[in-house]
Amino acid sequence: MKQPQINPVTAPQAYPSLGQPKVGQKPNQIPAQMPSLPSAVQPALSPQPNAGFPLMPQQVKPHYPQPQQGTPKPVSPLLDEQVTEMPGTREVFEAPEVTEAIVEELMLEQSREGGEKALPRIAIQAFCERSETASTIQATSSDWRMARTNLKVYMGGLPAAIEYYRNEATPSLILFESGMRGKELFSQLEQLAAVCDADTKVVMIGAVNDIKLYRDLMEQGLSEYLVPPFHPLTLIRSISDLYSDPEKPFIGKVVAFFGAKGGVGSSTIAHNVAWGMATKTLQETALVDLDTSWGTAGLDFNYDSSQGLEEALADYERLDDSLLDRIMIRHTEKLSILPAAASLVSTSSVSPEAYETLVNGMRGLSPMTLLDMPHVWSKWSKQILESADEIVITATPDLANLRNTKNLIEFLKAARPNDPDPLLILNKTGVPKAAEISLKDFAAAIGINPSLVLAYEPVIYTEASNDGKMLNDIKGAEAAFDGIMYLTERLKTGEFPPKISGKKGRKAKKDKPSKKEKKQGGLLSGLMKKK
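As the structure is a computational prediction, the values presented were derived from the model and not from experiment.

Now for the overall build of the chain. Looking only at helices and strands, the chain has 18 helices and 14 strands in total. Expressed as a percentage of the 531 residues in the chain, the buried residues total 48%. Taking the contacts inside the chain whose residues are at least 6 apart along the sequence as the reference set, 81% of them involve residues at least 24 apart. With an accessible surface of roughly 26400 Å², the chain has 51% of that area assigned to carbon and sulfur atoms.

Have a look at this one:
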């Protein structure tokens, strides 16, 4: 889109974006941690409302909780950024504040059934009347779902939008905030319609929750009506619904299993969870082995020389439901498997677009897809982890795993501010004559508690692997499989079941460090201090 010709009287005020430098000055360096905002800032100079402008109900500024376990961290614009000002005005933006309604709304959004995909490549322009609303909309830009969108936020509301589009082409989506109702609102909506392209979608952010007003707006051709305060994730999902495929409205859920280090048992756990989910809970499930060189899904389920994954990635441009259904193996009535050939013949690199197309194709084919990911860090693996609905990290209680797990969790929390924390499985605990890091120290260093702790039982896992069986079929593996089903219920329903019976494989409990562990220092102490 060409640059607009700015009229200092009628041009909308641009809301500051993250990292924007002041005019005539060197760009500000963004600190490693966002500076805490002052408890009080100068009041914002709001636009003059039209006659009859109603008061906003419950004048409570929306804001977000401080980062806690399981709660995403908001990203707020810096206060010292330059904005385009109208003559004689100065807008000061405040970070959103927290309310119980916002927290409850976020928890409800995170527990919603089904999965999600990134929004398409669209341009979004918002025209706000309140700085709180502008801050909420701007915060959506840090979410992975918005990675392809081009978002711009302006002040001025509906009148500014009408004036702006008299000389500019309209984007794919327009958001505007207005407290108006009645004839004045619909008169201005007619003016906006006169300057909008036919395929532009329009969403109104209003002041009151009025069902009659909502119906009238839908009859006028608006796409959605929202009432603040709302969480950024609510807005993102409302936009996503506008661009969903009407022929395939449902999007399946994707769970990525990733090992903090090679050999920690992530693949074994992923395979048993897939089998338990399909067999015990009767959930339609798909298992995809993404390790092209060393994948073990074929071995664990007794399939040999299958090249399903390679075929899907090689011809991803024409990958559709029919092709995917043809190359996948129907293991049971409820479980389908896409194994990897585990061949070293081909060393050609696969584009991230191929993996993304495959995962999106699985979302349309299966309501629940489990991804068995290799322990590699690349553009495609990073992209899949960022966009997965749930992430399960498996680690063992040693220093290298602690460091890797800490790095992974810190990265994912920053990259997924509106998503739940990863689930952590601490595997192979209780190795004889081994100096392990205690559960308490491990959890303290990484900042989250393990969801499941599995004991070191090499006999049952080796027997299952060598015979191509699941743990449920191995004598003496009842406790371990109970732990697998404990995790399975959480992934299916979003909630952990009541504590399972047995001494092994149950939900993690905090333990007391031994005298030897209390004396540990060096790198472990350093990692804990960095928390």
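Pairing is mixed in the open sheet, where 8 strands are placed in the order S9-S10-S8-S11-S7-S12-S13-S14. Only two strands of the sheet have a single neighbouring strand rather than two, namely strand S9 (329–330) and strand S14 (452–455). Across 5 bridges, the pairing between strand S7 (residues 253–259) and strand S11 (residues 368–372) is parallel. Paired with phenylalanine 257 across the bridge in S11 is aspartate 372. Helix-sheet contacts for helix H7 (residues 266–279) involve S7, strand S8 (285–289), strand S10 (335–338), S11, strand S12 (390–395), strand S13 (423–429) and S14, and the interaxial angle to S11 is about 165°.

This paragraph deals with unusual backbone geometry. In this chain, proline 228 is followed by proline 229 through a cis amide linkage whose omega measures 0°. If you trace the backbone, proline 229 turns up in the loop between strand S6 (224–226) and helix H6 (232–242). At asparagine 302, a residue that is not glycine, the phi angle is positive and equals roughly 65°. Residue position: asparagine 302 is located in the loop between helix H8 (297–300) and helix H9 (308–314). Of the residues examined, asparagine 302 reaches a relative accessible area of 57% and is grouped as exposed. Even without glycine at this site, lysine 433 takes up a positive phi of about 55°. Along the polypeptide, lysine 433 turns up in the loop between S13 and helix H14 (439–446).

Time to look at the confidence of the model for the chain. The predicted model of the chain has a mean per-residue pLDDT of 78, with 72% of residues at 70 or higher. Scored below 50 in pLDDT, residues 509–520 shows 19 contacts in the model against residues more than four places distant or in partner chains.

The element strand S4 (residues 173–177) is largely enclosed, with a buried count of 5 among its 5 residues. Burial of the side chains of S4 extends over both faces: Leu173, Leu175 and Glu177 are buried on one face and Ile174 and Phe176 on the other. Pairing of strand S2 (residues 123–128) with S4, which is carried by 4 bridges, proceeds in the parallel orientation. Bridge pairing in S4 places glutamine 125 opposite isoleucine 174. Note: S4 against strand S5 (residues 201–205), 5 bridges, orientation parallel. Pairing of phenylalanine 176 across the sheet is with methionine 204, part of S5.

By the definition in use, this model includes 10 aromatic pairs. When the ring of tyrosine 164 is compared with that of tyrosine 165, the centres are 5.1 Å apart and the planes differ by 75°; the resulting orientation is edge-to-face. Each member of the pair, tyrosine 164 as well as tyrosine 165, is classed as buried. Pairing phenylalanine 258 with tryptophan 377 gives two aromatic rings, centres 6.4 Å apart and planes at 75°, and the pair type is edge-to-face. Note that phenylalanine 258 is positioned in strand S7 and tryptophan 377 in the loop between S11 and helix H12 (379–387), a separation of 119 residues in sequence. By relative accessible area, phenylalanine 258 is classed as buried at 3%.

Of all hydrophobic cores here, the largest spans 44 residues; its most connected members are Leu290, Leu358, Leu371, Met373, Ile384, Ile393 and Phe442. The leading source of residues in this core is helix H11 (residues 352–365), at 5 residues. Non-local contacts of isoleucine 384, meaning those with residues more than four positions away in its chain, are made with Leu290, Tyr355, Val359, Leu371 and Met373. Counting residues in hydrophobic clusters, the runner-up holds 35 residues, among them Val392, Ala480, Phe481 and Met485.

Turning our attention to the environment of aspartate 421. If you trace the backbone, aspartate 421 turns up in the loop between helix H13 (399–415) and S13. Judged by relative accessible area, aspartate 421 falls into the buried class, the value being 12%. Put simply, aspartate 421 and valine 392 are 29 residues apart on the chain and 9.5 Å apart in space, counted from C-alpha to C-alpha.

Now for H13. Across its 17 residues, H13 extends 24 Å between first and last C-alpha, which sits within 8% of the 24 Å expected from 1.5 Å per residue. Those residues of H13 that sit buried are Asn401, Leu402, Asn404, Thr405, Lys406, Leu408, Ile409, Leu412 and Ala415. Looking at where H13 begins, the residue whose side-chain oxygen comes 3.3 Å from the main-chain nitrogen of alanine 400 is aspartate 398.

Moving on, we come to the pairing of S2. Across the 6 residues of S2, 5 count as buried, placing the element largely inside the fold. Sheet topology note: the S2/strand S3 (residues 150–155) ladder contains 6 bridges and is parallel. Of the residues in S3, the one forming a bridge with isoleucine 124 is leucine 151. You can see the chain leave S2, run along helix H2 (residues 131–139) and come back into S3, and the turn it takes is right-handed.

One pass over the full model with this rule turns up 18 salt bridges. Between arginine 130 and glutamate 177 there is a salt bridge, and its shortest N-O distance comes to 3.2 Å. You can see arginine 130 sitting in the loop between S2 and H2 and its partner glutamate 177 sitting in strand S4, a full 47 residues away along the chain. A relative accessible area of 2% places glutamate 177 in the buried class.

Parameters and conventions
- Residues numbered from 1 in each chain as written.
- Predicted model: local features only at pLDDT ≥ 70, side-chain atom pairs only at ≥ 80, totals over all residues.
- Heavy atoms only, no water.
- Helix = DSSP H or I, 4+ residues; strand = E, 2+ residues; numbered from the N terminus.
- Buried < 20%, exposed > 50% of the residue type's maximum accessible area, 1.4 Å probe, protein only.
- Contact = heavy atoms within 4.5 Å.
- Areas by Shrake-Rupley, 256 points an atom, 1.4 Å probe, with all protein chains shown as cover.
- Pairing = 2+ DSSP bridges.
- Axes fitted to C-alpha atoms, helices over the stretch in contact; angles between N-to-C directions.
- pLDDT = per-residue confidence, 0-100.
- Phe/Tyr/Trp six-rings, centres within 6.5 Å; stacked < 30°, edge-to-face > 60°.
- Core = buried A, V, L, I, M, F, W, Y, C linked by side-chain atoms within 4.5 Å.
- Expected span 1.5 Å × (residues − 1).
- Polar contact = N/O pair within 3.5 Å; in protein donor to acceptor, adjacent residues only side chain to side chain.
- Right-handed = clockwise from strand over helix to strand, strands pointing away.
- Salt bridge = Lys/Arg side-chain N within 4 Å of Asp/Glu carboxyl O.

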